[in-house]
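Here is how the chains run, residue by residue.
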Amino acid sequence: MGWGDMEPPNGSAASRSDTCFGVFNASDGRNTAQNSITSPWFSTAFGLIGLCSNLFALCVLLSSSRKLSSRARSSFLVFLCGLVVTDFMGLLVTASVIIPYHFIKFAWAEVDPGCHLCNFLGFSMVFFGQCPLLLGATMAGERFFGINHPFSRSTSISKRRAWSIVGLVWGFSCLLGLLPVLGLGRYTLQYPGSWCFLTLLPDTGNIVFCLLFALLGIFSVLLSFIFNTVSVVTLCRVYHDRESVQRRRDSEVEMMVQLVGIMIIATICWMPLLIFIVQTVLQQLPASGRIQMLPQETQKMLLIYIRMVTWNQILDPWVYILFRRAVLQRVYPSLRPRPSILSLYPVLNPSLRRKLTAD
């Protein structure tokens, strides 16, 4: 996502406001784009860094998952794998469209007069953008119940069930991304003419889709914040108890550190864009039907926020790469493996303890 720093399409195509061309002034975008970072080598290097980061994180995750016997940790790694795969595919799909454009310099309106390529790119932006937010909320919810209600479930989430949940998140995001193709809102080529995204023009379909996308993303971030805050408070309260200070489990701390890191990155990268979408759509409601082209300042701000969002896919894998116990123990050698969180609950039926330990 977020490769928007290329030349705009033909001016004649951009004047057609009833298609995916016409949201911005193509001639103004061409003059401004010449002064921006438009080097194909810059975008290529930027994409390769993100792809290599996610590929490296995926290899580390797969290697770690083979060595684990803890079902709780294994299910968490499944969610992490789903997140890394989503970020990797998001960069790969968008780069496969945008980087060739850098080098070929094709006329977008001539190559894609039916807006099929634009719809595909817009769908990819929405799908690969919404998935990490929903997966972050799902991971936070799983850890919330795992830490605050460790004995409420007879077994932890299995790998198969965890992958099923990841699949449901992908399916829901896919349905969301298909809404403009089905008639609710539309995808349009965005300033400076290099990428497609949802349309911020004030008509009913676009307003509903923009608010649905933005509010769902904001809800996911807020839900992650609530779940993670409660989980961290619970861990701190239990771990600092005088009777159990020596009976901690590093695994829960490691998972929460990684989850909080993912949440912080998502909040910093995504919240400005989501709030900007809601603010822009609501401010334009009084002029519904009269605005046919986005103001140039709005176009520029949207581009800046999309570039911020791109960093989410690059930084996510490094949260897991850098915040693993194997890495932290080298920096802080006093970190050593400790007993399970079951030891935090001294009064426990022996048969239940044996069953939970086996799980």
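Not measured: the values here are computed from a predicted model. (Residues numbered from 1 in each chain as written. Predicted model: local features only at pLDDT ≥ 70, side-chain atom pairs only at ≥ 80, totals over all residues. Heavy atoms only, no water.)

Moving on: the packing of helix H6 (residues 116-148) against helix H7 (residues 159-182). The geometry of H6 relative to H7 is characterised by a closest axis approach of 8 Å and an angle of 145 degrees between their N-to-C directions. The handedness of the crossing between H6 and H7 is right-handed. For the pair H6 and H7, the contacting residues are Phe123, Val126, Phe127, Gln130, Cys131, Leu134, Leu135 and Thr138 in the first and Ile165, Val166, Val169, Trp170, Phe172, Ser173, Cys174, Leu176, Gly177 and Leu178 in the second. Among the residues making up the contact of H6 with H7, the classes are represented as 14 nonpolar, four polar and no charged. (Axes fitted to C-alpha atoms, helices over the stretch in contact; angles between N-to-C directions. Helix = DSSP H or I, 4+ residues; strand = E, 2+ residues; numbered from the N terminus. Left-handed = near helix turned anticlockwise from the far one by under 90°. Contact = heavy atoms within 4.5 Å. Nonpolar A, V, L, I, M, F, W, Y, C, P; charged D, E, K, R; others polar.)

Under the UniProt annotation, the feature "transmembrane region" (unreviewed entry) is placed at residues 41-64, 76-101, 121-141, 162-185, 205-238, 259-282 and 302-323. With 100% helix and 0% strand, residues 121-141 has its two end C-alpha atoms placed 31 Å apart. (UniProt positions renumbered as here; feature names shortened; annotations may be inferred.)

The next point concerns a nonpolar patch on the surface. Residues Phe56, Val253, Val257, Trp318, Leu322 and Phe323 make up a contiguous nonpolar surface patch of about 490 Å² in total accessible area. Taken together, the elements giving at least two residues each to the nonpolar patch come down to helix H9 (250-283) and helix H10 (296-322). Within the fold, Leu322 resides in helix H10. Leu322 sits in the partly exposed class, given a relative accessible area of 44%. (Patch = residues over 30% accessible without salt bridge, like charges linked within 9 Å, V, L, I, M, F, W, Y side chains within 5 Å. Areas by Shrake-Rupley, 256 points an atom, 1.4 Å probe, with all protein chains shown as cover. Salt bridge = Lys/Arg side-chain N within 4 Å of Asp/Glu carboxyl O. Buried < 20%, exposed > 50% of the residue type's maximum accessible area, 1.4 Å probe, protein only.)

The end-to-end C-alpha distance of H7 is 34 Å, a good match for the 34 Å that 24 residues give at a rise of 1.5 Å each. Burial in H7 covers these residues: Ala162, Val166, Val169, Ser173, Leu176, Gly177 and Pro180. After H7 finishes, the residue Gly183 shows a positive phi value of roughly 120 degrees. (Expected span 1.5 Å × (residues − 1).)

Our focus in this paragraph is the pattern of salt bridges. Evaluated as defined, the whole model comprises one salt bridge. Arg143 is the partner of Glu142 in a salt bridge, and the nearest nitrogen-oxygen pair spans 3.0 Å. Relative accessible area serves as the criterion here: at 6%, Glu142 is assigned to the buried category. Here Arg143 falls in the buried class, since its relative accessible area comes to 2%.

Residues lying three or four places apart along an α-helix face the same way, a consequence of the helix completing one turn every 3.6 residues. Helix length check: H10, at 27 residues, gives a terminal C-alpha distance of 40 Å against a target of 39 Å (1.5 Å per residue), a fit within 8%. When the local axis directions of H10 are compared, the greatest deviation, roughly 30 degrees, occurs at Ile314, which is followed within four positions by the proline Pro317. (Bend = angle between axes of the 7 residues up to and from the residue.)

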